[in-house]
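# Notes for the structure review
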Amino acid sequence: KFSVLIATYNRRQVLSRTLPTVFGQEFDPAQFEILIVVDGSTDGTEDMLRALSPPRTMRVIRQQNRGQAAALNAEFVRLGLRPPEKVLIVCSAPT
């Protein structure tokens, strides 16, 4: 099983264009999850994400704005990632 981890801050428009490609991957849905950390966004990112009906597991995690590194690190800790149990792919957009 692997995870796609995306940390975002006020990138609603970018995510709305990016997520269809992520959702369209041909991996077995039981082996693939999407985790999106909303890092204190104020542009409607969280509402947009919660309104989606993705074809695979997607979890939205909200935190106060602490920056991309803090958002990713918090999710690494929460997941308890220790290779080789999971492969983690981190997607980020330039700010």
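Conventions used here
Residues numbered from 1 in each chain as written. Predicted model: local features only at pLDDT ≥ 70, side-chain atom pairs only at ≥ 80, totals over all residues. Heavy atoms only, no water. Helix = DSSP H or I, 4+ residues; strand = E, 2+ residues; numbered from the N terminus. Buried < 20%, exposed > 50% of the residue type's maximum accessible area, 1.4 Å probe, protein only. pLDDT = per-residue confidence, 0-100. Salt bridge = Lys/Arg side-chain N within 4 Å of Asp/Glu carboxyl O.

## Considerations on unusual backbone geometry
With a phi angle near 50°, N10 is a residue other than glycine that sits in the positive phi range. You can see N10 is positioned in the loop between β1 (2-8) and α1 (12-23). Of the residues examined, N10 reaches a relative accessible area of 26% and is grouped as partly exposed.

## Quick word on the confidence of the model for the protein chain
Model confidence for the protein chain is summarised by a mean pLDDT of 85, while 84% of its residues fall at 70 or above. Per-residue pLDDT, averaged within each element of the protein chain, yields its smallest value for strand β4 (residues 87-91) (66) and its largest for helix α2 (residues 45-50) (96).

## Observations concerning the pattern of salt bridges
Per the stated rule, a full pass over the model turns up three salt bridges. For R50, the salt bridge goes to E46, with nearest N and O atoms at 3.0 Å. Highlighted residues: R50 and E46, both in helix α2, separated by four residues, approximately one helical turn. Judged by its relative accessible area of 18%, E46 falls in the buried class. For E46, the salt bridge is made with R62, and the minimal N-O distance between the two is 3.3 Å. You can see E46 sitting in helix α2 and its partner R62 sitting in strand β3 (residues 57-63), a full 16 residues away along the chain. Put simply, E46, R50 and R62 are held in one network by salt bridges that share partners.

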